[in-house]
Each structure stands twice: as C-alpha cells, then as structure tokens.
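What follows is each chain in one-letter form.
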Amino acid sequence: MTKKNILLLPGDGVGPEIMLEAIKVIDVLNETNLSDISYDYADIGGIAIDNHGTPYPDETSVKASRADCILLGAVGTKKHEKNENKLKPESGLLALRKSLDLYINVRPVFLFEALLESSTIKSEVIKNLDIVIIRELIGGVYFGEPRGFKDGVNRTGFNTMSYSENEVTRISKYAFDLSNKRSAKVTSVDKANVLEASQVWRETVTKLHADGYPGIKLDHMYVDNAAMQLIKDPKQFDVILTENLFGDILSDEASMLTGSIGMLPSASLSDVTGVYEPIHGSAPDIAGQGIVNPIAMILSVAMMFEYSLNNIKVSNLIKDAIENVLRSGIFTKDISNKKEFASTSEMGNAIIMEIKKHV
Ligand code: IPM
Ligand code: MG
C-alpha cells in the first residue's frame, strides 16, 4: 500500500468537532492496516483570518497543492460575517476550489433505511432514494466578472452569471460518464427561459449528448420546477447536472429528503485531486456543544477512499458501519425523534466500534 498524505482543514464552527471524528476513523483504519495515511493540518476560513490575516493563507495553498487530497470541515463565522468579501471566511473556500480547479462537485443524496422516519417527507416518497447532484463548482455567478458595488444614493450590488461552452462541456462529460455507471438518466437543470448563461448551458449539454452519449436519457428542467419536483417525486431523478448556484440551493433542499443536512457528504474534484467535505456549513449556533452530526463528515472520508484513494472496499466498510449504527437506533440530535440522542463523539465512537467489528 502506498502511503498517502492528506491535508486536514477543520475550519470554523462545528468544523473542528466533526473533523475530530473523521480523524478517529482514519486512525482506526491505519491501525488495522486498511489504510496508510499521514495527515497534516492547515487553517482556512475564519480561523485563518484570525491566525494569518487572510481566509486562504499561502501556507495552506502550498500544503493543499502538495497533498494527495484534502478533507475539509466547514467555514463561516459570525465574527467575520460583515467583513468585505475577500476577508470573509467563505472566500477561503472559494479560493481553494478555484486554485485547485475543482470544477466537479459530486453530492450523493441517498437515504439510510433507518432514517425513513426522520425526514419530514412521507416515507413512500423517499424510500430507497439514491440520486447524485453534479454541481459545476468554479463558474457561474459565484465567480463571474464584473462584480461589485456601485455606491451612491441608491447603492447597488451586482454580479455576473456566465457560462462558456468549454466550462459546460467538461462538467457535463463527468455527469454523463457517471450516469453510464448508474441508470443512464441525466436531468440537466437550468433557467434557459430567462438566462443567457442557461441558454448556452442547455445548447452545450444537448450537443454533447447528441454527439457522444446516445444511450443516455437526457431531460432538461427549469430550476424552479426542479425544486418543486425534488419534493414531489425525488425518485424520478438519477443524475442531476446543474450550475454552481442552482446546485448549491438544490443540494441543501435535497439533503432534507435524507432526514438531515448533517447526512450529506460531497467530493469536489479536479482532473487530479479532490476536496472532501460535508455539504452543511459551520453552524455557529450549535458549535461547541457536542451535538453536531459527524456522519456527513465521515461519509466524506468514505468518498475520499472511493474517489481519491481508489479503495472502494474501505469506502463501503465505512458506509456499512454507519448503516449498522443507525439501524441499531443510535441517532444524533438532528435525526432523533426522541429526547435522548447521541453526542458527536458518541456517534463517532459507535461508528469506529462498528468498523472494528468488521476488520
Ligand atoms: C456549499 C456551501 C458553500 C457554497 C459556501 C460555504 C461558500 O454552501 O459548499 O454548498 O456556497 O458553495
Ligand atoms: Mg451550500
């Protein structure tokens, strides 16, 4: 087994707490020779502003570019919320994504059977749910220029949403290739009835499909309708392909189908590296209380094994351990229907115990 070096970016809020549980999992896998991983730490987000005066310090950037892959907790603080954009914690995350060319964001949305009753949606609507959102991650309105403020009597903020054929083609290829390994069905989500950026998006997806992916069933859907359909009948989807902002919004929405936003992991990929992080934010309101659900983070470790470390066996081992823990009735506060619930570290420990049972 070749040694892998990963970079840990715990970040802000609940980030450090969930990272601790991820580290416990990696340590157990190392101890049992299922992995050979060394890890280092760096700051990103609010903690980096405090320690280095910038949300994405050079030291973090150098370590990130040298690591085999990266695990990230969350960024965002109340303290820096009113800072100018480049000194907001979120800018650190966006800089990381952009500088590593992480244009692919994979957000699997699947339901653990034991959580059927934790979702606010009727169980027959979500039973056996298994979809993937492929979100373009370094384009669109998040990064478009020009952007800024026009000061004056009627202060105005403005942003630009743009997509080029090349940007759309590379993310769409990823979605189509993935879809070929699943049920060969892609729904591309846009707002082509209003936005030029979406018109190029739709034309490009349609052309790529016609030229190279005849076996895949492709549908197009407007984002407002997609938001509605996700709640009405989520199982009509398999792979959802969409742009940056729509993917951000739809993935938070989709997370509630699985019971809690604390359940959803993500992989942000370039052609050479990956950053693995929960889709939820830093949740400052619950930070430091030991109640955050570490499962999205630990599932992100599982995704790291699948995508960057090419070890599907360990990835499945982690997922199965989580499934068994949930089946045994251990729930954190966000997914518990009862007064009693497991703390963050109790959930982490239960998952580790379960992993140990199967090695
Ligand atoms: C996400 C988050 C980020 C985003 C924030 C923290 C910048 O919401 O990963 O979904 O908007 O992409
Ligand atoms: Mg988001």
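What counts and what doesn't
Residues numbered from 1 in each chain as written. Chains lettered and ligands numbered in written order. Predicted model: local features only at pLDDT ≥ 70, side-chain atom pairs only at ≥ 80, totals over all residues. Heavy atoms only, no water. Salt bridge = Lys/Arg side-chain N within 4 Å of Asp/Glu carboxyl O. Helix = DSSP H or I, 4+ residues; strand = E, 2+ residues; numbered from the N terminus. Buried < 20%, exposed > 50% of the residue type's maximum accessible area, 1.4 Å probe, protein only. Near = heavy atom within 4 Å. Polar contact = N/O pair within 3.5 Å; in protein donor to acceptor, adjacent residues only side chain to side chain. Nonpolar A, V, L, I, M, F, W, Y, C, P; charged D, E, K, R; others polar. Domains from an automatic or database assignment. Pairing = 2+ DSSP bridges. Contact = heavy atoms within 4.5 Å. Buried area = accessible area lost by both parts, 1.4 Å probe.

## Thoughts on the pattern of salt bridges
On inspection of all chains with the given rule, the structure shows 21 salt bridges. Between E21 and K24 there is a salt bridge, and its shortest N-O distance comes to 2.7 Å. In this pair, E21 and K24 both sit in helix α1 (residues 15-31), three residues apart, roughly one turn of the helix. Salt-bridge contacts for E84 lead to K86; the nearest nitrogen and oxygen are separated by 3.7 Å. E84 sits in the partly exposed class, given a relative accessible area of 48%. When salt bridges with common partners are traced through the structure, they connect D40, E59 and K63 into a single cluster.

## Focus on the site of ligand 1
For ligand 1, the full set of nearby residues is E90, L93, R97, R107, R135, Y142 and D248. Within the contact set of ligand 1, an oxygen atom lies 2.7 Å away from a side-chain nitrogen or oxygen of R97. R135 is positioned such that a nitrogen or oxygen atom in its side chain is 2.9 Å from an oxygen atom of ligand 1. Examining the composition of the shell around ligand 1, we find that three residues originate from one element, helix α4 (residues 89-99), more than from any other. Taken together, the residues that form the shell around ligand 1 break down as two nonpolar, no polar and five charged. Counting residues domain by domain, the shell around ligand 1 receives three or more from each of domain 1 (1-110 + 270-359) and domain 2 (120-258).

## Focus: the pairing of strand β12 (residues 274-278)
In terms of residue burial, β12 counts as a mostly covered element, since five of its five residues are buried. Alternating positions in β12 separate into two faces, G274, Y276 and P278 on one and V275 and E277 on the other, with burial throughout. In the sheet, strand β11 (residues 265-269) pairs with β12 via five bridges, with the strands oriented antiparallel. By the bridge assignment for β12, L269 is matched with G274. In textbook terms, the turn of a hairpin is the stretch between consecutive antiparallel strands, and for β11 and β12 this stretch comprises four residues.

## Things to note about the domain arrangement of the chain
Accessible area lost upon the coming together of the parts is a frequently used measure of interface size. Domain annotation for the chain reports domain 1 (1-110 + 270-359) and domain 2 (120-258). Averaged C-alpha coordinates put domain 1 and domain 2 at centres separated by 24 Å. Listed by partner, the interface residues are 16 residues for domain 1 and 22 residues for domain 2. Roughly 1,900 Å² of surface becomes buried between domain 1 and domain 2 when both sides are summed, with 61% attributable to carbon and sulfur atoms. A per-residue breakdown of the area domain 1 buries against domain 2 is headed by Y103, R107 and V109, which together make up 35% of the total. Linking domain 1 with domain 2 are one salt bridge, by the criterion used here. Residue D101 pairs with R170 through a salt bridge whose shortest N-O separation is 3.0 Å. At the surface where domain 1 touches domain 2, the tally comes to seven residue pairs in polar contact (both at pLDDT 80 or more).

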